[in-house]
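Examining the three-dimensional arrangement
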Amino acid sequence: MTKKAIFPGSFDPFTLGHKFVVDQALHVFDKLIIAVGINSEKRGLLTIENRVKLIRDIYSDDPRIEVKTFDGLTADFCRKEGVQIILRGLRNSVDFEYERNIAQVNQTLYSKLQTILIFTPAKYVAISSSVIRELVSLGADPSALMPKNIDIKNYL
Ligand code: ADP
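Residues numbered from 1 in each chain as written. Predicted model: local features only at pLDDT ≥ 70, side-chain atom pairs only at ≥ 80, totals over all residues. Heavy atoms only, no water.

**A look at the nonpolar core**
Residues F14, V22, L32, I34, L54, I55 and I65 are the most contacted members of the largest nonpolar core, which totals 33 residues. Elements with a contribution of two residues or more to this core: β1 (4-9), α1 (16-25), β2 (31-37), α2 (48-58), β3 (65-70) and α6 (129-137). Among the elements that line this core, the one with the most residues is α1, at 5 residues. Dropping the residues within four chain positions of it, I55 is found in contact with F11, F14, I34, V36 and V67. Membership of the second largest hydrophobic core comes to 11 residues, among which are I6, A35, F77 and L113. (Core = buried A, V, L, I, M, F, W, Y, C linked by side-chain atoms within 4.5 Å. Buried < 20%, exposed > 50% of the residue type's maximum accessible area, 1.4 Å probe, protein only. Helix = DSSP H or I, 4+ residues; strand = E, 2+ residues; numbered from the N terminus. Contact = heavy atoms within 4.5 Å.)

Written out as structure tokens, the structure reads:
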């Protein structure tokens, strides 16, 4: 049986921290859907289309990765895809409290759903999409925080 998980997030943009989570998960899962959530209230740095394109460019040679978008509840998206594992990353105790709440709500909405958390190593703890957005807004180059060969300018 194919072991499949969904990694949902905003990915605005996808960072080295997100890539670490994905790479670890591929030791455990055969297939991974990276699901970019559409939040119409939040105007991001990248359009949804460009967030997807950036992630597809990173994993273009890896057939185990699918990149999709979804709106509404993550639990509904998982049900629709027939996937019962959500993957999320953890940097610190703030992430933990947040993820625990969401995981419990998701389980209430869809009882078969389980969340698996991947801890990030110290060198990635300070990496976040919001730091990258801040650097870009100040005209700085965020390449060191992003997967290699990705130039954010191509997606703005
Ligand atoms: P969301 O808006 O849903 O939190 P993000 O794109 O910010 O979406 O993050 C998606 C997931 O990746 C979350 O579980 C978040 O905790 C995790 N994550 C973000 N940055 C890192 C990092 N540097 N190391 C590990 N996990 C991370």
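Okay, back to it.
**Let's talk about the pattern of salt bridges**
All told, the structure shown has 12 salt bridges when counted by the stated rule. Between D12 and R133 there is a salt bridge whose closest N-O contact spans 3.9 Å. Of this pair, D12 sits in the loop between β1 and α1 while R133 sits in helix α6, placing them 121 residues apart in sequence. The partly exposed category is assigned to R133, whose relative accessible area is 32%. Ionic pairing is found between D95 and R91, a salt bridge with its closest N-O pair at 2.8 Å. For D95, a relative accessible area of 11% gives the class buried. On the basis of relative accessibility, which here comes to 35%, the residue R91 falls in the partly exposed class. (Salt bridge = Lys/Arg side-chain N within 4 Å of Asp/Glu carboxyl O.)

**Some details on the site of the ligand**
With respect to spatial proximity, 17 residues lie near the ligand, and among them S10, F11, G89, Y124 and I127 are the closest. G89 places a polar main-chain atom, nitrogen or oxygen, 2.8 Å from an oxygen atom of the ligand. For the ligand, a nitrogen atom lies 2.9 Å from a polar atom in the side chain of T120. Relative to its free-state accessible area of 550 Å², the ligand is covered by the protein chains to the extent of 87%. More than half of the atoms of the ligand fall within 2 Å of the grid points belonging to the largest pocket. Of all the elements in the fold, those that place two or more residues in the shell around the ligand are β1, α1, β4 (85-90) and α4 (93-109). (Near = heavy atom within 4 Å. Polar contact = N/O pair within 3.5 Å; in protein donor to acceptor, adjacent residues only side chain to side chain. Areas by Shrake-Rupley, 256 points an atom, 1.4 Å probe, with all protein chains shown as cover. 1 Å grid on protein atoms, 1.4 Å probe; cavity = no way out; pocket = protein on both sides within 12 Å on 5 of 7 lines; lining within 4 Å. Sits in = over half its atoms within 2 Å of the grid points.)

**Regarding a nonpolar patch on the surface**
A surface patch of nonpolar side chains, about 250 Å² in accessible area, is lined by L73, V105 and L109. Note on placement: V105 falls in helix α4. According to the relative accessible area criterion, V105 is partly exposed, its value standing at 47%. (Patch = residues over 30% accessible without salt bridge, like charges linked within 9 Å, V, L, I, M, F, W, Y side chains within 5 Å.)

**Details of the packing of aromatic side chains**
Inspection of the entire model under this criterion finds 5 aromatic pairs. Geometrically, the ring pair formed by F14 and Y59 is edge-to-face, given 6.0 Å between the ring centres and 90 degrees between the ring planes. With F14 in the loop between β1 and α1 and Y59 in the loop between α2 and β3, the pair connects residues that are 45 residues apart, well separated along the chain. Judged by relative accessible area, which is 7%, Y59 ranks as buried. A ring pair is formed by F70 and F77, whose centres lie 5.0 Å apart and whose planes are at 25 degrees; its orientation type is stacked. Among the residues examined, F70 registers a relative accessible area of 9% and is labelled buried. Assessed through its relative accessible area of 4%, F77 is described here as buried. Here the aromatic residues F7, F11, F14 and Y59 are joined through ring pairs into a cluster of three or more. Directly above the ring of Y110 sits R79, whose terminal nitrogen or CZ lies 4.6 Å from the centroid. (Phe/Tyr/Trp six-rings, centres within 6.5 Å; stacked < 30°, edge-to-face > 60°. Lys NZ or Arg CZ within 6 Å of the ring centre and 35° of its normal.)

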